[in-house]
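What the coordinates show
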Amino acid sequence: MNISIKLTGPDEAYIIKNMLPLYLHDLSGHYGLVEGHLPNRHGIFEDTDEYRTLADQYDVQNIWWDKPGILYPFLIQANSMPAGFALIATPPHCAQGVDYFVNDFFLLQPFRGTGIAEEAAVLVFEQFRGEWELFTNPAAKNITGQKFWRKTVSRYTQGKYTERTGETFDGNKLAFRFDNRGLQPL
């Protein structure tokens, strides 16, 4: 299967926006009945009841296409078919000392367990050189996500990364950091 990533522009934003509700639904399963990961009274995964429909939620994501050169919305493709997305942020949208932050990473169910996610993550990492950070939920319900990131980051960096669990700007997370400036391009 041919795996690629594509930096999307506003004309293709709808593809990633179509997958967003599926991503938010997946995240809710990793957190359980925790505020911030439950649907609002209209069945939309957003923090307020202001969003009544998926169409209302749609425009919230425009920031990813309003800040080129700062926010990078990548579409993950498998044989030219949409398979997921990776949303990469740079300062000021990440922690101090971080050049690139994996804000969101998602692969649709049919493509999981095939190696596509790891290949796509590496393709994203190879787009930029610098200090990277990504978070995942440290809870037992997210063991699969933790194993995925641990394996992917370890292989990519040849074990040269840090991992810690603790408070972040996004709550208690398992955080991975690495610098890929010294790594040989793949």
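What counts and how
Residues numbered from 1 in each chain as written. Predicted model: local features only at pLDDT ≥ 70, side-chain atom pairs only at ≥ 80, totals over all residues. Heavy atoms only, no water. Helix = DSSP H or I, 4+ residues; strand = E, 2+ residues; numbered from the N terminus. Rg over C-alpha atoms; globule rule 2.2 N^0.38 Å. Buried < 20%, exposed > 50% of the residue type's maximum accessible area, 1.4 Å probe, protein only. Salt bridge = Lys/Arg side-chain N within 4 Å of Asp/Glu carboxyl O.

Before going further, it helps to spend a moment on the overall build of the protein. Along its length, the protein carries 5 helices and 7 strands. Rg of the C-alpha trace for the protein: 16 Å, near the compact-globule value of 16 Å for 186 residues, within the 12% margin. Along the three orthogonal principal directions, the C-alpha set of the protein runs to about 50 × 35 × 35 Å. Sorting the 186 residues of the protein into buried and exposed places 47% on the buried side.

Applying the stated criterion across every chain, the model contains 9 salt bridges. Between Arg155 and Glu118 there is a salt bridge; the shortest N-O distance is 3.1 Å. Highlighted residues: Arg155 in helix H5 (residues 143–157) and Glu118 in helix H4 (residues 116–125), separated in sequence by 37 residues. Its relative accessible area of 54% is what places Arg155 among the exposed residues. On the basis of relative accessible area, Glu118 is assigned to the buried category, the value being 14%. With its nearest N and O atoms 2.6 Å apart, the salt bridge here joins Arg181 to Asp179. Take Arg181: its relative accessible area is 51%, and that puts it in the exposed class.

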